[in-house]
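# Per-entry structural report
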Amino acid sequence: QVHLVESGGGLVQAGGSLRLSCAASGRTFGDYAMGWFRQAPGKDRDIVAAISRSGDNTYYADSVKGRFTVARDNAKNTVYLQMNSLKPEDTAVYYCAADQRPQLTIVVTTPDYWGQGTQVTVSS
């Protein structure tokens, strides 16, 4: 089991930036591929970005490519999502996710563990 806690959400003007953090505990952080998902009201929970266990492979949804960057610091048991050039359509609850299975595609699609979510609201 791994416990995930997101932080860094808030209210920001369109065009601004936020940096989300996800702190992990309970298991060896380096054993987990990590992902970020988001869910807007009345919408499905969708993948935003993911990063492999070693940090050398990443995945981004088309809607955030060039604007968002995912990174991890295994020494701090933390994964980050740097969000730049934010748009109102980025407004959602953002969830951190983790999976111990080695393939990045697994955390992109069906991660085993979830954080509680943090609200990101982008005003126009």
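Read on for a plain summary of the structure. All values derive from a computational prediction rather than experimental measurement. (Residues numbered from 1 in each chain as written. Predicted model: local features only at pLDDT ≥ 70, side-chain atom pairs only at ≥ 80, totals over all residues. Heavy atoms only, no water.)

One pass over the full model with this rule turns up five salt bridges. Arginine 38 is the salt-bridge partner of aspartate 90, the closest N and O atoms lying 2.8 Å from each other. A residue pair is termed long-range when its members are at least 10 positions apart, and aspartate 90 in the loop between β8 (78-83) and β9 (92-99) and arginine 38 in strand β4 (residues 33-39) qualify at 52 residues. Among the residues examined, aspartate 90 registers a relative accessible area of 1% and is labelled buried. Here arginine 38 falls in the buried class, since its relative accessible area comes to 13%. Across the pair aspartate 62 and lysine 65 runs a salt bridge, and its minimum N-O distance is 3.0 Å. One exposure class covers both aspartate 62 and lysine 65, and it is exposed. Through salt bridges that share partners, Arg38, Arg67 and Asp90 make up one connected network. (Salt bridge = Lys/Arg side-chain N within 4 Å of Asp/Glu carboxyl O. Helix = DSSP H or I, 4+ residues; strand = E, 2+ residues; numbered from the N terminus. Buried < 20%, exposed > 50% of the residue type's maximum accessible area, 1.4 Å probe, protein only.)

Time to look at the state of the cysteines. What the rule picks out here adds up to one disulfide. Shown here is the disulfide that connects cysteine 22 with cysteine 96, its sulfur atoms set 2.0 Å apart. With the S-S bond torsion at -80°, the cross-link from cysteine 22 to cysteine 96 turns out left-handed. Taken together, the residues cysteine 22 in strand β3 (residues 18-25) and cysteine 96 in strand β9 connect sequence positions 74 residues apart. Each member of the pair, cysteine 22 as well as cysteine 96, carries the same accessibility label: buried. (Disulfide = S-S within 2.5 Å.)

Purely geometric numbers; function is a separate question.
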